[in-house]
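So you can see what is in the structure, the chains are spelled out below.
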Amino acid sequence: MKKWMLLCVGMTIWMSGCSLHVTENNLLRARAEKADQMMNGKSPEERALEIKTAISRVDGVSASAVIVEGRTAIIGVRTDAQESKEIGRLTRAVRNAARQTDTEVYAVSVTVNDEIVTQIEEEERSRAQ
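As the structure is a computational prediction, the values presented were derived from the model and not from experiment.

Colleague: I'm lost on the packing of helix α2 (residues 44-56) against helix α3 (residues 84-101) in this one. Help?
Modeller: For any two helices packed against each other, one specifies the crossing angle of their axes together with the interaxial distance. At a closest axis distance of 9 Å, the pairing of α2 and α3 adopts a crossing angle of 135°. When the axes of α2 and α3 are compared, the pair comes out oblique. Pair α2 / α3 crosses with right-handed handedness. Contacts between α2 and α3 involve Glu-50, Ile-51, Ala-54 and Ile-55 from the former and Val-94, Ala-97, Ala-98 and Thr-101 from the latter. A per-class count over the contact of α2 with α3 returns 6 nonpolar, 1 polar and 1 charged.

Set out below in C-alpha cells:
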C-alpha cells in the first residue's frame, strides 16, 4: 500500500513538471484609454471647451480652466468668493454644469486653490498647442 501511495505521489509530481511557469496576467495587456480618443465624435479639447463655456455661465465664476481625460474632468475655478458656504455652492454648481454638459464624464474634480488652478491652466495651454 505504501508503495502505491509513493508511486502515485511520485507520478503526480512527475506529471505536473518541475519548471516554473510564469502566469500571464491580463493586467500586463491592459491599455489605458487614449487621451485623444473621440467620444461622441468630439475630441477631449472640444469637450473641455464645451464644459468651460457652461461653467462661465455659473454665478460667481470669474475664470476657469478645464482638462478632460477620458471620462474624467479636472476643473480649476477662479472666484471672488471667500466664505466656505459660498465656495461649496459654487463647486457644486460647477460640478453639475460639467456633468450636464458632457454626459460621458463620470468623475469631476473641482478646485478653487490658486496654485492648482494655475497648474491646470498651464496644462490646458500646453494641450491647446
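Here the narrative resumes, following the displayed structure.
Colleague: Please clarify how the nonpolar core should be interpreted in this entry.
Modeller: Proteins that are soluble and globular tend to have nonpolar side chains buried together. With 17 residues, the main nonpolar core has Ile-51, Ile-75 and Val-94 as its most contacted residues. Every element with two or more residues in this core is listed here: α2, β1 (61-69), β2 (72-79), α3 and β3 (107-111). Tallying contributions element by element places α3 first for this core, with 4 residues. Not counting chain neighbours up to four residues away, the residues in contact with Val-94 comprise Ile-55, Val-58, Val-61, Ile-75, Val-77 and Val-110.

Colleague: What should I look at first to understand the pattern of salt bridges in this one?
Modeller: If you walk through the whole model with that rule in mind, you get 9 salt bridges. Among the ionic pairs, Glu-50 bridges to Lys-42, the shortest N-O distance being 3.0 Å. A residue is classified by how much of its surface remains accessible, and Lys-42, at 29% relative accessible area, is partly exposed. For Arg-89, the salt bridge goes to Glu-86, with nearest N and O atoms at 2.9 Å. Pair noted here: Arg-89 and Glu-86 are both in helix α3, with a separation of 3 residues, about one helical turn. By relative accessible area, Arg-89 is classed as partly exposed at 33%. By sharing partners, the salt bridges in this structure join Glu-69, Glu-123 and Arg-127 into a single network.

Colleague: How should I be thinking about the environment of Glu-122 in this particular structure?
Modeller: Here Glu-122 shows up in helix α4 (residues 114-128). Looking at Glu-122, the relative accessible area reads 45%, which means it is partly exposed. Remark: the alpha-carbon pair of Glu-122 and Ala-65, spanning 57 residues in sequence, is separated by 8.9 Å.

Colleague: It is not clear to me how the sheet that holds β1 should be interpreted in this structure. Could you clarify?
Modeller: Where strands meet in a sheet, backbone hydrogen bonds hold them as pairs that are either parallel or antiparallel. Strand order in this open sheet of 3 strands is β1-β2-β3, and the pairing throughout is mixed. The sheet terminates laterally at β1 and β3, the two strands that pair on one side only. With strand direction ignored, the average angle separating the axes of adjacent strands in the sheet is 20°. By the bridge criterion, 8 bridges tie β1 to β2 in an arrangement that is antiparallel. Within β2, the position partnered with Ala-63 by the bridge is Arg-78. Contacts from α2 reach β1 and β2, with the element oriented near 155° to β1. Together, β1, β2 and β3 form the strand contacts of α3, whose direction differs from that of β3 by roughly 145°.

Reading the values: the criteria
- Throughout, a residue's number is its position along its own chain's written sequence, starting from 1.
- A pLDDT threshold of at least 70 governs which residues receive local features in this predicted model, and a stricter bar of 80 or more applies before side-chain atom pairs are shown or counted, although totals over entire chains, interfaces and linings include all residues.
- Hydrogen atoms and water are omitted, and side-chain values are computed over all heavy atoms in the structure.
- Between N-to-C directions, angles span 0 to 180 degrees; the directions come from axes that are lines fitted to C-alpha atoms, helices contributing only their stretch in contact.
- Secondary structure elements follow DSSP: runs of H or I no shorter than four residues count as helices, runs of E no shorter than two count as strands, and numbering proceeds from the N terminus.
- Here the angle decides the label: under 35 degrees means roughly parallel, over 145 means roughly antiparallel, 65 to 115 means roughly perpendicular, and every other value means oblique.
- Left-handed describes a crossing whose near helix is turned anticlockwise from the far helix by less than a right angle; the clockwise case is right-handed.
- Any two residues having at least one pair of non-hydrogen atoms within 4.5 Å are treated as being in contact.
- Polarity classes work like this: nonpolar for Ala, Val, Leu, Ile, Met, Phe, Trp, Tyr, Cys and Pro, charged for Asp, Glu, Lys and Arg, and polar for all others, with Gly in that last group.
- Side-chain atoms within 4.5 Å link the members of a nonpolar core, which is a set of buried Ala, Val, Leu, Ile, Met, Phe, Trp, Tyr and Cys residues.
- Partly exposed describes any residue whose relative accessible area lies between the buried limit of under 20% and the exposed limit of over 50%, with all areas from a 1.4 Å probe on protein chains only and scaled to the type maximum.
- Here, a salt bridge means any Lys or Arg side-chain nitrogen found within 4 Å of an Asp or Glu carboxyl oxygen.
- In this scheme, strands are said to pair when DSSP sees at least two bridges between them.

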